[in-house]
Amino acid sequence: MVLKVFFPSCCSSADSGILIGRWISEQNSAVILAVVHFPFIPVQVKQYLGEVQRVTQVSVSVLGSWSNSKQEKEESLSEFLEDLGTIFCHEPWIQISKEGDSKFWSCSILQKHSTNPQEEEIILVYYDQRKVMLSHLHPPLDTAGQGAEDASKLSAIFDTVARSQVLFMTDRYDEGPIKLTHWQSDGVEASIIVELLKQASVPACMLLTLLLSLLSGICRSRVLKFWPLSFLWSKLSTCEQLGHRLQHLQIISSNKKAQNQNQLMRKANIFVSLLIDVALGILLMSWLYRKNRIGHLADTLIPVADHVAEELQDLLQWLMGAPAGLKMNRALDQVLGRFFLYHIHLWISYIHLLSPFIEMILWYVGLSACLGLTVALCILSDIIALLTFHIYCFYVYGARLYCLKIYGLSSLWRLFRGKKWNVLRQRVDSCSYDLDQLFIGTLLFTILLFLLPTTALYYLVFTLLRLLVVIVQGLIHLLVDLIDSLPLYSLILRLCRSYRLAAGVKFRVLEQQDGKPLRLLMQINPLSYGGVVQTYRLPTYSCYPRDSWASLCKKLFLGELIYPWKHKGDKQN
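Residues numbered from 1 in each chain as written. Predicted model: local features only at pLDDT ≥ 70, side-chain atom pairs only at ≥ 80, totals over all residues. Heavy atoms only, no water.

Per an unreviewed UniProt entry, the protein chain carries the name PIGQ acetylglucosaminyltransferase and comes from Melospiza melodia.

Dropping the structure here:
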């Protein structure tokens, strides 16, 4: 039999005393939690352990004795420590002694009440009690009372240390009759600022919850369900982002306690994401309102819009001629070109009509940056969508005309083959046509086929322009999704305290000597950065469809519209 003794490394320099911990019989293991120093009264120790066991539901008991010969040089100490086994009556009784400055400790097992004592091999495992306590390789605290489901798992060791938190609240400065050595024996690890924030967070969360409930009630009111407001709320990415942040605020202001580690980390990640988002937004707002940058931006916006309109006019003039030497249908080319030129003229008039109010609009829009950088980026995306609305209209006109001709040609092609599309059965069936139908179908097919190159060229040009705008807006929303979904708190925790995000443990063999117990060091393996992002990534919504390249090419060929926004029901939860 192999007996494993898990000894906290913080107790290696403790004074002589007795070892208290938990004996796990299924694993034949002893988990040492603390060392009780001399002098003490055994009755008081038993009473204290009984209170700890009642609070933590962990069978804490005296497992053995600890002797540090560097502090105690009396010859009768070892005999006294052996006699303690008759007082506390634990089987087996573990005796660990540190011999001066030697790295090798002696560890022995006493089994006084065993009829057939067997010599057991002892493995001494050192562990960092602080890291094991703060890591989360143990079961959740609310289900820990059910016990370890699988006794062979190492999680029972972590569960024992985590549930014994009350034991670590006693430090050397307490005036009680019992003096302990553990990872917090020099003082409970805490922060006055953190404790004050915890006390102040309760009324703040209650007030924030009340305000958010009123705001969410207004958002769910029937007023916003009517056509103009419901359309804007579902199409503008700013409204979507505000709704997304409103859900985040409701999560972090909820007074409901997190049930497990994932919920706690999700709340912390949302809080840090909101904090950094608002901080970046305030920095952006301070930069915009300094040195009259908003006025310079408004003065630049109108010339840029005029330049874009002039470039579009030059492009349309080029298409109305002989673009790249292609032979176009003259009549259709002139009709389409003049139609789009008239739209550009209307757009320029609209921009110049708004030019006196643009600086004021930008000034008020800049104030929205205090809500966060993501809100400012979504507003920028909506502004780009409004400023390029004429390009979107050109794309829709070209796509609809091209789609009409493609579907007309495919239907007439089935007519030549004696086929037709069965709408009820959703399949192609055979059909007999008379001579008049074939003659009219031939004329229409010829007309559509010879008009297709002109329509396809306009559709191709405006589709490329639309894709350029979609790519710019997509990059903006990728940045918004990155800020919304990146688990910043988990990444900071992985960088500073990697043991808090544990993925497993590893054992390193220390110095080994014949006749001495095997000494191992238990170390915690942290999660990789990719694992942290994958495990604790926050859910976001996406304003753009994530189609495959094949699906996108199919849409482009058939002339189907590439919508710039997703519908509200397509939100990713």
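Student: So what about the packing of aromatic side chains? Which residues, and what values?
Tutor: According to the stated counting rule, one finds 16 aromatic pairs in the structure shown. Chaining the aromatic ring pairs together yields one cluster made of Phe339, Phe340, Phe394, Tyr397, Tyr458 and Phe462. (Phe/Tyr/Trp six-rings, centres within 6.5 Å; stacked < 30°, edge-to-face > 60°.)

Student: Can you break down helix H11 (residues 358–367) residue by residue, with the values?
Tutor: Of all the positions in H11, only Ile358, Leu362 and Gly366 are classed as buried. Angularly, the buried residues of H11 cover 70° about the axis, an arc narrow enough to put them on a single face. Taken together, the buried residues of H11 touch helix H8 (261–288), helix H9 (293–320) and helix H10 (330–354). (Buried < 20%, exposed > 50% of the residue type's maximum accessible area, 1.4 Å probe, protein only. Helix = DSSP H or I, 4+ residues; strand = E, 2+ residues; numbered from the N terminus. Arc of directions from axis to C-beta. Contact = heavy atoms within 4.5 Å.)

Student: Residues and numbers for the packing of helix H13 (residues 389–416) against helix H14 (residues 435–485), please.
Tutor: At a minimum axis distance of 7 Å, the contact between H13 and H14 shows a crossing angle of 150°. The orientation of H13 relative to H14 falls into the category roughly antiparallel. For the pair H13 and H14, the sense of crossing is left-handed. Its residues placed into classes, the contact of H13 with H14 shows 24 nonpolar, seven polar and two charged. (Axes fitted to C-alpha atoms, helices over the stretch in contact; angles between N-to-C directions. Parallel < 35°, antiparallel > 145°, perpendicular 65-115°, else oblique. Left-handed = near helix turned anticlockwise from the far one by under 90°. Nonpolar A, V, L, I, M, F, W, Y, C, P; charged D, E, K, R; others polar.)

Student: Describe a nonpolar patch on the surface, with residues and values.
Tutor: A contiguous nonpolar patch, built from Phe357, Met360, Ile361, Trp363, Tyr364 and Leu367 and spanning about 610 Å² of accessible area, is present on the exposed surface. Within the secondary structure, methionine 360 is located in helix H11. You can call methionine 360 partly exposed: its relative accessible area is 45%. (Patch = residues over 30% accessible without salt bridge, like charges linked within 9 Å, V, L, I, M, F, W, Y side chains within 5 Å. Areas by Shrake-Rupley, 256 points an atom, 1.4 Å probe, with all protein chains shown as cover. Salt bridge = Lys/Arg side-chain N within 4 Å of Asp/Glu carboxyl O.)

Student: Give a description of the nonpolar core that names residues and reports values.
Tutor: Val45 and Leu167 are the most contacted members of the largest nonpolar core, which totals 40 residues. In this structure leucine 167 touches Ile20, Leu33, Ala34, Tyr48, Val52, Leu180 and His182, once residues within four positions along its chain are discounted. Within the second largest apolar cluster, 20 residues are counted, among which are Cys11, Ala14, Ile96 and Leu124. (Core = buried A, V, L, I, M, F, W, Y, C linked by side-chain atoms within 4.5 Å.)

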